[in-house]
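Now for the letters of each chain:
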Amino acid sequence: RRGTGPGEFNLVHCVTVDAAGRVYVADRNNRRLQVFDQDGTFLEVWEGIRRPSHLMIDENQTLWMGDGEINRMVQYDLNGKLLTYWGVQGRFPGAFNNNHSFSVDDEGNLYVADYANFRLQKFTPKANADRSRLIAPRFVSGSATSAG
């Protein structure tokens, strides 16, 4: 239901699932992520999130989030620890203005729906790129799949 307590929401914007079956929910207008077990039992909340738009668990079991307020791609471990982020606000190629959704293809190319700039951007990793800052393909296994 609508609210600010555990298990309450104010604009669910995306849901994704990890290999252990934990469900991560972007509670956008409450500026947080909530985590549940696969039966819907509340486990924890990650506070201090600005404007989560899209979530994805990658094949390395880290959570990537598009944050449309700070215009960054943000990576967390599955305990909510910030690992890295990148991105900048703007209208020039490579910048974001509300990075709203994203996906990665099998070749490692990142596609970002840049909502307020009315465009889709494609990012191709350079051969010498820092692999820890690249978004790996999404995790998919049985009934635990990422969605957004």
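Structure's up top.
Residues numbered from 1 in each chain as written. Predicted model: local features only at pLDDT ≥ 70, side-chain atom pairs only at ≥ 80, totals over all residues. Heavy atoms only, no water.

Trainee: Can you help me understand the packing of aromatic side chains in this one?
Mentor: Between two aromatic rings, the relevant description is the distance of the centres plus the angle of the planes. If you walk through the whole model with that rule in mind, you get seven aromatic pairs. Between the aromatic rings of Y24 and W46, the centroid separation amounts to 5.8 Å while the plane-to-plane angle is 65°, which identifies the pairing as edge-to-face. Taken together, the residues span a long stretch of sequence, with Y24 in strand β2 (residues 23-27) and W46 in strand β4 (residues 42-46) at a distance of 22 residues. Take W46: its relative accessible area is 5%, and that puts it in the buried class. On the numbers, 5.5 Å between centres and 50° between planes, the contact of W46 with Y76 is tilted. Placement of the pair is W46 in strand β4 and Y76 in strand β7 (residues 72-76), with a sequence separation of 30 residues. (Phe/Tyr/Trp six-rings, centres within 6.5 Å; stacked < 30°, edge-to-face > 60°. Helix = DSSP H or I, 4+ residues; strand = E, 2+ residues; numbered from the N terminus. Buried < 20%, exposed > 50% of the residue type's maximum accessible area, 1.4 Å probe, protein only.)

Trainee: Explain the sheet that holds β7 here, please?
Mentor: Taking strand neighbours across the sheet as the criterion, the four strands line up as β5-β6-β7-β8 in an open arrangement whose pairing is antiparallel. Of all strands in the sheet, those with a lone pairing partner are β5 (52-57) and β8 (82-86), marking the two edges. In this sheet, neighbouring strand axes are inclined to one another by 20° on average, regardless of whether the strands run parallel or antiparallel. (Pairing = 2+ DSSP bridges. Axes fitted to C-alpha atoms, helices over the stretch in contact; angles between N-to-C directions.)

Trainee: Explain the environment of Y76 to me, please; I cannot follow it from the model alone.
Mentor: Of the residues examined, Y76 reaches a relative accessible area of 10% and is grouped as buried. As a C-alpha pair, Y76 and K122 span 46 residues in sequence and 22 Å in three-dimensional space. Those residues in contact with Y76 that lie beyond four places of it in its chain are W46, I49, T62, L63, M65, K81, L82 and L83. (Contact = heavy atoms within 4.5 Å.)

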